[in-house]
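So the chains spell out like this:
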Amino acid sequence: MMCLFCKIASAQIPSDIVMQDDGFLCFKDINPVAKTHLLIIPKQHIESFEAVPSGLMADMTIFIQQLTRKLGISKSGYRLVTNIGDDGGQEVAHLHFHLLSGEKLTHIYKR
Ligand code: AMP
């Protein structure tokens, strides 16, 4: 059984894609909590930040930096959040970073 984000990564479930390469995908969150609310995932299934190999995390960092440059928010700023496990409020067990931007974020991120 594929998880929700594996299905999105393989286009079995449609998503509003912002940017992708061979390893990573950025798409719009279906239930935005900020003016811009995107999700960034590795295409391969990794349960959470706890399980991510450091090399893949390094590649993911490069992908996110390319994305923020493309979006033009490198200077104006943004917030990156990853929820881990039950107490972290993680609902989808596939590593993802929330990228929140497009406004001055004063509130604490919480869904
Ligand atoms: P988390 O609570 O950190 O696991 O975040 C899961 C996120 O996935 C939530 O912000 C949801 O709104 C989002 N989400 C769930 N299903 C979809 C979907 N089909 N397309 C886009 N975003 C989704």
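Treat the numbers as computed from the prediction; the structure is a model and nothing was measured.

Digging into the environment of Ile46
If you trace the backbone, Ile46 turns up in the loop between β3 (36-42) and α2 (54-71). Judged by relative accessible area, Ile46 falls into the buried class, the value being 6%. The spatial distance from the C-alpha of Ile46 to the C-alpha of His94 is 5.4 Å, given a sequence separation of 48 residues. If near-sequence neighbours (up to four positions away) are discounted, Ile46 is found in contact with Ala51, Val52, Pro53, Leu56, Ala93, His94 and Leu95.

Considering the site of the ligand
Contacts to the ligand come from 17 residues, most closely from Asp29, Asn83, Glu91, His96 and His98. The contact in question runs from an oxygen atom of the ligand to an N or O atom on the side chain of Asn83, over 2.8 Å. Within the contact set of the ligand, an oxygen atom lies 2.9 Å away from a side-chain nitrogen or oxygen of His98. When the ligand sits alone it has 510 Å² of accessible area, and the protein chains cover 89% of it. Among the secondary structure elements, those contributing two or more residues to the shell around the ligand are α1 (4-9) and β2 (24-28). For the shell around the ligand, the leading source of residues is α1, giving three residues. For the shell around the ligand, the residue count by class is seven nonpolar, six polar and four charged.

Observations regarding the sheet that holds strand β1 (residues 17-20)
An order of β1-β2-β3-β5-β4 is seen for the five strands of this open sheet, with the pairing classed as antiparallel. Only two strands of the sheet have a single partner each, and these edge strands are β1 and β4 (79-81). Strand-to-strand, the axes of this sheet are offset by a mean angle of 20°, without reference to chain direction. Taken together, the three bridges between β1 and β2 define a ladder with antiparallel strand orientation. Following the sheet pairing, Ile17 is matched in β2 by Phe27.

Analysis parameters
- Residues numbered from 1 in each chain as written.
- Predicted model: local features only at pLDDT ≥ 70, side-chain atom pairs only at ≥ 80, totals over all residues.
- Heavy atoms only, no water.
- Helix = DSSP H or I, 4+ residues; strand = E, 2+ residues; numbered from the N terminus.
- Buried < 20%, exposed > 50% of the residue type's maximum accessible area, 1.4 Å probe, protein only.
- Contact = heavy atoms within 4.5 Å.
- Near = heavy atom within 4 Å.
- Polar contact = N/O pair within 3.5 Å; in protein donor to acceptor, adjacent residues only side chain to side chain.
- Areas by Shrake-Rupley, 256 points an atom, 1.4 Å probe, with all protein chains shown as cover.
- Nonpolar A, V, L, I, M, F, W, Y, C, P; charged D, E, K, R; others polar.
- Pairing = 2+ DSSP bridges.
- Axes fitted to C-alpha atoms, helices over the stretch in contact; angles between N-to-C directions.

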